[in-house]
Amino acid sequence: MAKCLSSICAVNHVTKNNFLYGIIAVPARRALEREKIDSLEKLSDYSEQEIMKLHGFGRNTMQKLKNHMEKHHVSFKS
């Protein structure tokens, strides 16, 4: 008999923080979470080069992130 795994999936995939949910992929969001970056204001304290060093960040993810930041009038530090 097969067991329903939906409860297991729900437990394993609970998101603690919806910061950038739907904007960038999960690996990049987790990398930001590990660095305790959970807002655009905290993100603006970092340079683009510092963020690019994190796991999950490449040109495509960075472009999506920059577009999102621009819409909210936030930018990386120079």
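Quick caveat: nothing in here was measured; it's all calculated off a predicted structure. (Residues numbered from 1 in each chain as written. Predicted model: local features only at pLDDT ≥ 70, side-chain atom pairs only at ≥ 80, totals over all residues. Heavy atoms only, no water.)

Proteins that are soluble and globular tend to have nonpolar side chains buried together. Grouped together as the largest cluster of nonpolar side chains are 17 residues, with contacts concentrated most on Leu-32, Leu-43, Ile-51, Phe-57 and Leu-65. For this core, the secondary structure elements donating two or more residues are α2 (26-34), α3 (40-43) and α5 (59-71). Ignoring sequence-local partners within four residues, the contact set of Leu-43 consists of Leu-32, Ile-37, Ile-51, Leu-65, Met-69 and Phe-76. (Core = buried A, V, L, I, M, F, W, Y, C linked by side-chain atoms within 4.5 Å. Buried < 20%, exposed > 50% of the residue type's maximum accessible area, 1.4 Å probe, protein only. Helix = DSSP H or I, 4+ residues; strand = E, 2+ residues; numbered from the N terminus. Contact = heavy atoms within 4.5 Å.)

If you check α5, its first and last C-alpha atoms are 18 Å apart, about what 13 residues at 1.5 Å a residue would give, namely 18 Å. Buried within α5 we find Thr-61, Met-62, Leu-65, His-68 and Met-69. For α5, the buried positions fall inside an angular range of 125 degrees around the axis, keeping them on one side. Exposed and oriented more than 90 degrees from the buried face of α5 are Arg-59, Asn-60, Glu-70 and Lys-71. Buried residues along α5 sit in contact with α2, α3 and α4 (48-52). Note on α5: the residue one or two positions beyond its end, His-73, has a positive phi of about 55 degrees. (Expected span 1.5 Å × (residues − 1). Arc of directions from axis to C-beta.)

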